[in-house]
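Residues per chain, in single letters:
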Amino acid sequence: MTQSLSNRQAALEQARGLLAQCEKIVCFSGAGLSAESGISTFRDTETDALWSRYDPTKLASPEGFAEDPKLVIDWYDWRRQAIANAEPNAAHIALAGRPDIIQVTQNVDDLLERAGCKAESVFHLHGNITHDRCHARCGYQQKVDLGSPPGLRSCPMCNAPLRPAVVWFGETLPQWAWQQSEQHCRTADCLLVIGTSASVYPAAGLIQLTKTYGGKVLVINTQPSGASALADMELIGPCGEWLPQLLS
Ligand code: BJW
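Just so it is clear, the structure is predicted and the values come from calculations on it, not from any experiment.

The next point concerns the domain arrangement of the protein chain. Domain boundaries assigned for the protein chain yield domain 1 (1-38 + 87-126 + 173-248) and domain 2 (40-85 + 127-166). Computed from C-alpha coordinates alone, the two centres of domain 1 and domain 2 are separated by 25 Å. Summed over both sides, the interface of domain 1 with domain 2 buries roughly 1,200 Å², with 46% coming from carbon and sulfur. Taken together, the connections running from domain 1 to domain 2 amount to zero salt bridges. On inspection of domain 1 and its partner domain 2, the count reaches four residue pairs in polar contact (both at pLDDT 80 or more). Along the lines of polarity and charge, the residues of the side of domain 1 that touches domain 2 split into six nonpolar, nine polar and four charged.

What follows is the structure, encoded as structure tokens:
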């Protein structure tokens, strides 16, 4: 779906006007933000998304990990290597150029930070693939080399299996990241919703939260999504094209 050049320019001006009226801008992003870096999305009808090729109940749930831990770890290590070989794209760089914007992301990669966003202004709602943690939650956590991931191994503290420090289906979100994100979305004048299907909860509920507290919602996605119905404005197309123009 594309917009004609004049429609595109008019939409850009309108979106810039909307942002100009806003003091506090928060960005809520999903897998589409990293798509132009070559990282697969999860449920994209336009590409070979992960959940159309792999079963999330086997690969992204505690039950799947209990059934076949090696399969899960090998799959995450394959994704880690893809992230190690990826570079931040124009959308990450445009966001990093605006340190006033708080980053609430569902992404587990570190491309926002590698683009230059300060770690303390990036809230990873679904955890970080850059770290392993103890599955039994004894508290042990370790950074891993994404390019040379360690494979299935045990926790040196309690001998339970180690696993990526990401949030699987049925698991609760990291408390600090969730509380901070709720607070920022409640007080945002504008929520930029970038590259997410807005289909996974409780994260997707943040869009409604901003609306409920009177903030505007500006969506950028290559296609209509679960956020469309809440959007004050929607820019259809790749975020790597829209964001540099919008935020410069
Ligand atoms: C572009 C683009 C370009 C492409 N430019 N755009 C309420 C109702 C119903 C269900 C639930 C509910 N509350 C909870 C649930 C259950 C469940 C859930 O939401 N299920 C739904 C799928 C129905 N939620 C959970 O289980 C969550 N936990 C929880 O609720 O805990 C409480 C609890 C605990 C115990 C008992 C009961 C309750 C946890 C959710 C964890 C999600 N984990 C994953 C995997 C992370 C690790 C990993 O990476 O492997 O997180 S799943 C996957 O989906 C990943 C993502 O962060 C998440 C969201 O996906 P995202 O980012 O939106 O990506 P896509 O692919 O869906 O969309 C990409 C978009 O980009 C598309 O729209 C494209 O068009 C667009 N795009 N290129 C701009 N260049």
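What follows is about the pattern of salt bridges. Counted under the stated rule, the structure contains nine salt bridges. Across the pair Arg-80 and Asp-132 runs a salt bridge whose closest N-O atoms are separated by 2.9 Å. Pair noted here: Arg-80 is in helix 6 (residues 69-84) and Asp-132 is in strand 4 (residues 127-134), with a separation of 52 residues, a long-range link. Exposure remark for Arg-80: the relative accessible area of 1% places this residue in the buried category. Among the residues examined, Asp-132 registers a relative accessible area of 4% and is labelled buried. In this structure, Asp-110 and Arg-114 form a salt bridge, with 3.1 Å as the shortest nitrogen-oxygen distance. Residues joined in a network through salt bridges with shared partners are Asp-77, Arg-80, Asp-132 and Arg-153.

Okay, the site of the ligand next. Near the ligand there are 35 residues, and of these Arg-43, Tyr-76, Thr-196, Ser-197 and Asn-221 occur at the shortest range. Within the backbone of Val-167, an N or O atom sits 2.9 Å from a nitrogen atom of the ligand. Here an oxygen atom of the ligand sits 2.9 Å away from a polar atom, N or O, in the side chain of Gln-223. The protein chains hide 76% of the 1,500 Å² of surface that the ligand would expose on its own. Looking at the shell around the ligand, the elements with two or more residues in it are helix 2 (32-35) and helix 6. Residue composition of the shell around the ligand, by class: 15 nonpolar, 15 polar and five charged. The residue makeup of the shell around the ligand includes at least three contributed by each of domain 1 (1-38 + 87-126 + 173-248) and domain 2 (40-85 + 127-166).

Attention shifts here to the sheet that holds strand 1 (residues 25-29). Backbone hydrogen bonds are what pair the strands of a sheet, in a parallel or an antiparallel way. Across the sheet, which stays open at both edges, the six strands sit in the order 3-2-1-7-8-9 with parallel pairing between neighbours. On the outer flanks of this sheet lie strand 3 (122-124) and strand 9 (233-236), each paired with one strand and no other. Direction aside, neighbouring strands of the sheet carry axes that sit 15° apart on average. Pairing of strand 2 (residues 102-105) with strand 3, which is carried by three bridges, proceeds in the parallel orientation.

All right, on to the sheet that holds strand 5 (residues 141-143) then. Read from one edge to the other, the open sheet built from three strands follows the order 5-4-6, with strand pairing classed as antiparallel. A single partner strand is all that each edge strand has here, and the edge strands are strand 5 and strand 6 (162-166). Averaged over neighbouring strand pairs, the angle between their axes works out to 40° when direction is ignored.

This next bit is on the packing of aromatic side chains. Tallying each qualifying case throughout the model produces seven aromatic pairs. When the centroid spacing of 5.1 Å and the interplanar angle of 85° are considered together, the rings of Trp-75 and Tyr-76 count as edge-to-face. Each member of the pair, Trp-75 together with Tyr-76, is buried. Among the aromatic residues, those joined into a ring-pair cluster are Phe-42, Trp-51, Tyr-54, Phe-65, Trp-75, Tyr-76, Trp-78 and Trp-168. Geometry around Trp-242 places Arg-8 over its ring, the cationic atom sitting 4.0 Å from the centre.

Bringing the nonpolar core into the picture now. Core analysis: the largest hydrophobic core is formed by 29 residues, its most contacted members being Leu-19, Leu-192, Leu-218, Leu-243, Leu-246 and Leu-247. In this structure Leu-246 touches Leu-12, Ala-15, Arg-16, Leu-19, Leu-192, Leu-218 and Ile-220, once residues within four positions along its chain are discounted. If you look at the next biggest cluster of nonpolar residues, it comprises 22 residues, including Val-104, Ala-188, Val-217 and Ala-227.

A few words now on the packing of helix 1 (residues 5-20) against helix 11 (residues 239-247). Describing two packed helices takes the angle between their axes plus the distance from one axis to the other. At a minimum axis distance of 10 Å, the contact between helix 1 and helix 11 shows a crossing angle of 50°. In terms of orientation, helix 1 and helix 11 fall into the oblique class. Crossing angle aside, the handedness with which helix 1 passes helix 11 is right-handed. Along its contact with helix 1, which presents Arg-8, Ala-11, Leu-12, Ala-15, Arg-16 and Leu-19, the element helix 11 presents Glu-241, Trp-242, Gln-245, Leu-246 and Leu-247.

Definitions and limits used
- Residues numbered from 1 in each chain as written.
- Predicted model: local features only at pLDDT ≥ 70, side-chain atom pairs only at ≥ 80, totals over all residues.
- Heavy atoms only, no water.
- Domains from an automatic or database assignment.
- Buried area = accessible area lost by both parts, 1.4 Å probe.
- Salt bridge = Lys/Arg side-chain N within 4 Å of Asp/Glu carboxyl O.
- Polar contact = N/O pair within 3.5 Å; in protein donor to acceptor, adjacent residues only side chain to side chain.
- Nonpolar A, V, L, I, M, F, W, Y, C, P; charged D, E, K, R; others polar.
- Helix = DSSP H or I, 4+ residues; strand = E, 2+ residues; numbered from the N terminus.
- Buried < 20%, exposed > 50% of the residue type's maximum accessible area, 1.4 Å probe, protein only.
- Near = heavy atom within 4 Å.
- Areas by Shrake-Rupley, 256 points an atom, 1.4 Å probe, with all protein chains shown as cover.
- Pairing = 2+ DSSP bridges.
- Axes fitted to C-alpha atoms, helices over the stretch in contact; angles between N-to-C directions.
- Phe/Tyr/Trp six-rings, centres within 6.5 Å; stacked < 30°, edge-to-face > 60°.
- Lys NZ or Arg CZ within 6 Å of the ring centre and 35° of its normal.
- Core = buried A, V, L, I, M, F, W, Y, C linked by side-chain atoms within 4.5 Å.
- Contact = heavy atoms within 4.5 Å.
- Parallel < 35°, antiparallel > 145°, perpendicular 65-115°, else oblique.
- Left-handed = near helix turned anticlockwise from the far one by under 90°.

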